[in-house]
Structure formats: structure tokens, C-alpha cells
Amino acid sequence: MPAILNAIFATHRRSLLWTVMRIVRDPQTAEDLAQETYLRARKAVESGRVEHLEGFLHQTARNLALDHLRRRKTRAGAEVEGLDDGLLAGISADIPSIEQALIEKQSFGAFQNALSTLPKRAQDVLVLSRIEEWSNVRIAEHLGISERTVFNDLKLAMAHCRDTLARLDGK
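Notes on the structure in this doc start here.

Rules behind the numbers
- Residues numbered from 1 in each chain as written.
- Predicted model: local features only at pLDDT ≥ 70, side-chain atom pairs only at ≥ 80, totals over all residues.
- Heavy atoms only, no water.
- Helix = DSSP H or I, 4+ residues; strand = E, 2+ residues; numbered from the N terminus.
- Contact = heavy atoms within 4.5 Å.
- Areas by Shrake-Rupley, 256 points an atom, 1.4 Å probe, with all protein chains shown as cover.
- Phe/Tyr/Trp six-rings, centres within 6.5 Å; stacked < 30°, edge-to-face > 60°.
- Lys NZ or Arg CZ within 6 Å of the ring centre and 35° of its normal.
- Core = buried A, V, L, I, M, F, W, Y, C linked by side-chain atoms within 4.5 Å.
- Buried < 20%, exposed > 50% of the residue type's maximum accessible area, 1.4 Å probe, protein only.
- Expected span 1.5 Å × (residues − 1).
- Axes fitted to C-alpha atoms, helices over the stretch in contact; angles between N-to-C directions.
- Left-handed = near helix turned anticlockwise from the far one by under 90°.
- Polar contact = N/O pair within 3.5 Å; in protein donor to acceptor, adjacent residues only side chain to side chain.

## Regarding the overall build of the protein chain
Item 1. Along the protein chain, the regular secondary structure elements total eight helices and zero strands.
Item 2. Start at the N end of the protein chain and walk to the C end: the helices and strands fall as α-α-α-α-α-α-α-α.
Item 3. Sequence separation of at least 24 residues holds for 63% of the intrachain contacts in the protein chain that already meet a minimum separation of 6.
Item 4. Put simply, the protein chain shows about 12,000 Å² of open surface, and 55% of that area lies on carbon and sulfur atoms.

This is how it looks when you write it as C-alpha cells:
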């Protein structure tokens, strides 16, 4: 499938660049966003979530360009020239506190324990679905089970992990 994506991307590359260029008005940014479009399309193709590749490429390119403009506008509104170093030093870093880091570590440990108590197939289904982002169809084919079984295993695994984390939070 990557060969098909490569061929379609090569065929539509110029059109994608012009679509993005009309929005961002910067050739280097347009090139970067076209490459990001390819990477996102490749990930979507590998997970089996794309039916019409050409349309997906153009819509993704357009969305990325519009997102870029929004970020640039937000950044321009937030950036202020002439701030002194003393003011900047007083702004706290965007990192979690030690307490928050410990809570997250404890939660992750509880999640790992909850996951390890599940049957092996349910563990595999949860990892393939939520971490690898595979579709239920792909998981079913890979594990040799029905889509309904994938759905039920995923429901069981999610409920089990959610209940374990809720008990940890005291809810």
C-alpha cells in the first residue's frame, strides 16, 4: 500500500503544494506541510482508515495549512517584544510538579497492574486498538477472531482499567 501512496502523492504533489501555498503564502512552509500531509496519510493508510486517498491528501493538506495559520495568529497575539529577562524568569515552567509526577507514575503503575491481570487476548486487543491505533477489523484478522470478539474484549479491558484507576482515585 505504501507504493500506491507514493505514486498518488507524487502525482498530486504539485496540486497539494499550490493548495497549501494559497493559504500560507510561504514556499518553505508549504513544502513542510506537504511533507506532513504525506506522513499523516501514510499513518492513516497503515491503520486502514482511508478509503479515498486523493481526497484524504487534499483535505489533510488544507487542514494542516489552516491549522498553521491559526497557530501563527495565536502566537503573534501572545508574543510581546521587549520583555525583560526578570519578567520572563518569574514565569513558571510548563512542567508537572513533583507531586503531579508521582501521582501520574502511581496511576501508570496501577494501569500496568490492571492490564497484566487481564487475559492475554484482551491485553493484546487493548494495546493494538488504543496504542497501535489498529481498526477492529485489522485486529480481528491479526488475532484470528471475530470483530464482535474484538469489541467485547476491548470493552472488558477498558472497563477493567477504568475501574482500577477509579479505585485508585477513591471514586
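Resuming the write-up.
## Notes on the packing of aromatic side chains
Item 1. Scanning all chains against the criterion turns up one aromatic pair.
Item 2. Cation over ring: R138 sits above W134, and NZ or CZ is 4.0 Å from the ring centre.

## Some details on the nonpolar core
Item 1. Ranked by size, the top nonpolar core spans 20 residues in total, and within it L5, V20, V24, L33, L53 and L57 carry the most contacts.
Item 2. Contributions of two or more residues to this core are made by α1 (2–24), α2 (27–46) and α3 (53–78).
Item 3. Those residues in contact with L57, other than ones at most four positions away along the chain, are L5, I8, F9, L16, T37 and A41.
Item 4. Counting 15 residues, the second-largest nonpolar core is a separate cluster that includes L126, L128, I139 and V150.

## Digging into α2
Item 1. Compared with the 28 Å implied by 1.5 Å per residue over 20 residues, the 29 Å span of α2 between its first and last C-alpha is a close match.
Item 2. Residues of α2 that are buried: T29, A30, L33, A34, T37, Y38, A41, A44 and V45.
Item 3. Just beyond α2, the residue with positive phi is G48, at close to 80 degrees.

## Some words on the packing of α1 against α2
Item 1. Contact pair α1 / α2: the axes reach a minimum separation of 9 Å and the direction vectors enclose 145 degrees. Handedness of the crossing formed by α1 with α2: right-handed. Contacts between α1 and α2 involve P2, L5, N6, F9, R13, L17, V20, M21 and V24 on the former and, on the latter, P27, T29, A30, E31, L33, A34, Q35, Y38, A41 and R42.

## What about the side chain of S47?
Item 1. Position of S47 among the secondary structure elements: in the loop between α2 and α3.
Item 2. Residue S47 is classed as buried on the basis of its relative accessible area of 5%.
Item 3. There is a polar contact of 3.0 Å between the side chain of S47 and the backbone oxygen of A44.
Item 4. Sequence-distant contacts of S47, that is, excluding residues within four places in its chain, are made with E133, S135 and R138.

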